[in-house]
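Chain by chain, the residues:
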Amino acid sequence: MIPLLAVIGVKGRWNFRLWLPLFLVWLLLLPFAPLLLPFLLIAALFIRADAWRGIGAVFSVLCATRGTQVEVATRGHSLLLHIF
Amino acid sequence: MNEHRRQVLDMLARGKISAAAAERLIAALEKAPLATSTASAAGPAPKYLRVMVDAEDIHRGDSLTKVNIRVPLQLLRAGVRLSGLIPSEALEHVNAAFRERGISFDISQLKPENLEELIAQLNDLSVDIDHAKGQVRVKVFCE
């Protein structure tokens, strides 16, 4: 399943926590997918790669990012990234 | 009677192996399912690779930097599948670059089935690095 939500948090000079509804991003990008597809197929022909396998692999990488957590904290500063 | 045992007995009947060799092979086959069952009883398969770094200032005694990263192992699998799309010419360049750096690794041999074996072994992985002078602790483990 594709990531639906990402949280980016920053503490330091600016303190904020950003909740990014990724599902909205996918919904917005969906209408552009059929437009991008011919370009991808042409590019795949040029590099002699299997376009469908490529799309599948990129999609699986995207789906696999769910559950990623990155937290870095130094004295007075911190950054976090959670993908749900 | 399973297939492997039948093959061993078949080889013995044809005279390809001795009776002692057949006995050893059958004994090894009997041990194999036992090892598999103990591995599965060890717990659920790990889902994430966790890397934790904790660096402290030895003079001030407070924590300087903390890093906590959790990477889904599924991302490794997907990455290997993605590497399968690299054109053969590019693979040769990558292998040449590895050789230049003294790493004898053939990236074309990186297959999803090999990765599964690696992930299975990661279940028992735990790396602890404790650096006394700079008070740096690194922990790498699967969960």
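Residues numbered from 1 in each chain as written. Chains lettered and ligands numbered in written order. Predicted model: local features only at pLDDT ≥ 70, side-chain atom pairs only at ≥ 80, totals over all residues.

Let's talk about the overall build of chain B
The helix and strand inventory of chain B stands at five helices and four strands. What you see in chain B, going N to C, is helices and strands ordered as α-α-β-β-α-α-α-β-β. Buried positions account for 3% of the 143 residues belonging to chain B. Across chain B, contacts joining residues at least 24 apart in sequence account for 50% of those joining residues at least 6 apart. (Helix = DSSP H or I, 4+ residues; strand = E, 2+ residues; numbered from the N terminus. Buried ≥ 20, exposed ≤ 12 C-beta atoms within 10 Å, placed from the backbone. Contact = placed C-beta atoms within 7 Å.)

As for the interface of chain A and chain B
Between chain A and chain B, the contact holds 20 residues from the first and 18 residues from the second. Per-class residue counts for the side of chain A that touches chain B are eight nonpolar, seven polar and five charged. (Nonpolar A, V, L, I, M, F, W, Y, C, P; charged D, E, K, R; others polar.)

Topic: helix α4 (residues 88-100) of chain B
Residue and element names in this part refer to chain B. Compared with the 18 Å implied by 1.5 Å per residue over 13 residues, the 18 Å span of α4 between its first and last C-alpha is a close match. A small share of α4 lies buried, amounting to zero of its 13 residues. Following α4 by one or two positions, G102 adopts a phi angle in the positive range, close to 80°. (Expected span 1.5 Å × (residues − 1).)

Considering the confidence of the model for chain A
Mean pLDDT over chain A: 89, with 100% of residues reaching 70 or higher. Of all secondary-structure elements in chain A, the lowest mean pLDDT belongs to helix α2 (residues 33-46) of chain A, at 86, while strand β1 (residues 5-11) of chain A reaches the highest, 95. (pLDDT = per-residue confidence, 0-100.)

Description of the pairing of strand β2 (residues 16-21) of chain A
Residue and element names in this part refer to chain A. Little of β2 sits inside the fold, with zero of its six residues counted as buried. In terms of strand pairing, β1 meets β2 through six bridges, oriented antiparallel. Considered in β2, the bridge of G9 is made with R17. In sequence, β1 turns back onto β2 through a hairpin of four residues, with G12 there showing a positive phi of about 160°. (Pairing = 2+ DSSP bridges.)

Topic: the packing of helix α3 (residues 73-83) of chain B against helix α5 (residues 112-122) of chain B
All names here are of chain B. Running from N to C, α3 and α5 point in directions that differ by 160°, and their axes come no closer than 10 Å. With respect to each other, α3 and α5 are oriented roughly antiparallel. α5 is crossed by α3, and the crossing has right-handed handedness. For the pair α3 and α5, the contacting residues are L73, L76, R77, V80 and R81 in the first and P112, L115 and I119 in the second. In terms of residue class, the contact of α3 with α5 is made up of six nonpolar, no polar and two charged. (Axes fitted to C-alpha atoms, helices over the stretch in contact; angles between N-to-C directions. Parallel < 35°, antiparallel > 145°, perpendicular 65-115°, else oblique. Left-handed = near helix turned anticlockwise from the far one by under 90°.)

Thoughts on the environment of L79 of chain A
Residues and elements named next belong to chain A. Positionally, L79 belongs in strand β4 (residues 77-83). Linking L79 and F16, residues 63 residues apart in sequence, is a C-alpha distance of 9.9 Å. Residues within four places of L79 in sequence aside, it is in contact with G9, V10 and V72.

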